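# Observations on chain architecture
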Amino acid sequence: FKINFYFSLIGCVTCLDYDEHYILTFPNVKRLYIYTYICNCRSILTVPWIELGGECSINCSKTGYNASIVFHTKPFYGGKKHRITAEIFSPNDKKPFCSIEGEWNGVMYAKYTTGENAVFIDTKKMPTIKKKVRKLEDQDDFESRCLWKDVTYNLKIRDIDAATAAKH
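Quick caveat: nothing in here was measured; it's all calculated off a predicted structure. (Residues numbered from 1 in each chain as written. Predicted model: local features only at pLDDT ≥ 70, side-chain atom pairs only at ≥ 80, totals over all residues. Heavy atoms only, no water.)

### What about the pairing of strand E9 (residues 107–112)?
Moving residue by residue along a regular strand, the side chains alternate between the two faces of the sheet. Of the pairings in the sheet, the one linking strand E8 (residues 98–103) to E9 comprises 5 bridges and is antiparallel in character. Along E9, the bridge assignment pairs Gly102 with Met108. Taken together, E8 and the strand that follows it, E9, pair antiparallel across an intervening segment of 3 residues. Across 5 bridges, E9 lies against strand E10 (residues 117–122) in antiparallel orientation. Counted as the bridge partner of Lys111 is Asn117 from E10. What sits between the antiparallel neighbours E9 and E10 is a turn of 4 residues, in which Gly115 has the positive phi angle 100 degrees. (Pairing = 2+ DSSP bridges. Helix = DSSP H or I, 4+ residues; strand = E, 2+ residues; numbered from the N terminus.)

Okay, here's the thing in C-alpha cells:
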C-alpha cells in the first residue's frame, strides 16, 4: 500500500496488487481540551480526549465501489465515544449492499443485504504495523516530515515557544 495526503483533508490509498486508487476524505478531529479553540464543555467535567466527528467517503474510480462513513461524536449526556456507521455501495447502486456499525477503535459489525451478519473488523486484534517513512534527506521540502521536523523536534524537547516559532 502507498498513502499520500493532500491538504490533510483528502488522501489516496493505492492497492498496488490490483492497481486500484482509493480517494478518501477525512472527518474532523475534535480536540476536547479546555484551552483549545475547539472546546467542548464536557471536557471540563471529564478527562479530555480526541474524537473524530463528521462524514467522510471512500471512492474507487476503477471499480466504482464507494463507501459513506459517519464518525459519531459522543452526546453531552450518555452515549458512547468512538462510534462509527458506514454504508458500502456497488457501482451505480443507490442502496448499500453492506451496512457497518460499531467503534472505529474496537469492533465493527457488518450487515449484508443477504441477511448475513458478521464481524467486519476487530481493531484490537489487529497487529500494530510500523509505518515506513523515507529518510528526511530523501524527502522533498514540502513533504510532511521534512516540513514539520523543527516543530516536531521542539515539541519532543518541550520547547513550546520554539515549536510555535518553527510553524511560521
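### What to know about the confidence of the model for the chain
Across the chain, pLDDT averages 81, with 80% of residues at or above 70. Per-element averaging of pLDDT across the chain places strand E1 (residues 2–6) at the bottom with 40 and E9 at the top with 98. Confidence drops under pLDDT 50 across residues 1–8; counting only partners more than four residues distant or on other chains, this segment forms 18 contacts. (pLDDT = per-residue confidence, 0-100. Contact = heavy atoms within 4.5 Å.)

### Some words on the packing of aromatic side chains
This model, assessed by the stated rule, comprises 1 aromatic pair. Consider the rings of Tyr65 and Phe97, whose centres lie 6.1 Å apart with planes at 85 degrees: the pair is edge-to-face. Highlighted residues: Tyr65 in the loop between strand E5 (50–60) and strand E6 (66–72) and Phe97 in the loop between strand E7 (83–89) and E8, separated in sequence by 32 residues. A residue is classified by how much of its surface remains accessible, and Tyr65, at 39% relative accessible area, is partly exposed. On the basis of relative accessibility, which here comes to 29%, the residue Phe97 falls in the partly exposed class. (Phe/Tyr/Trp six-rings, centres within 6.5 Å; stacked < 30°, edge-to-face > 60°. Buried < 20%, exposed > 50% of the residue type's maximum accessible area, 1.4 Å probe, protein only.)

### Describing unusual backbone geometry
The phi dihedral of Asn92 is positive, around 65 degrees, even though this residue is not glycine. Following the sequence through the fold, Asn92 ends up in the loop between E7 and E8. In this model, Arg158 sits at a positive phi of 65 degrees, which is unusual for a non-glycine residue. Within the fold, Arg158 resides in the loop between helix H3 (149–156) and helix H4 (160–166).

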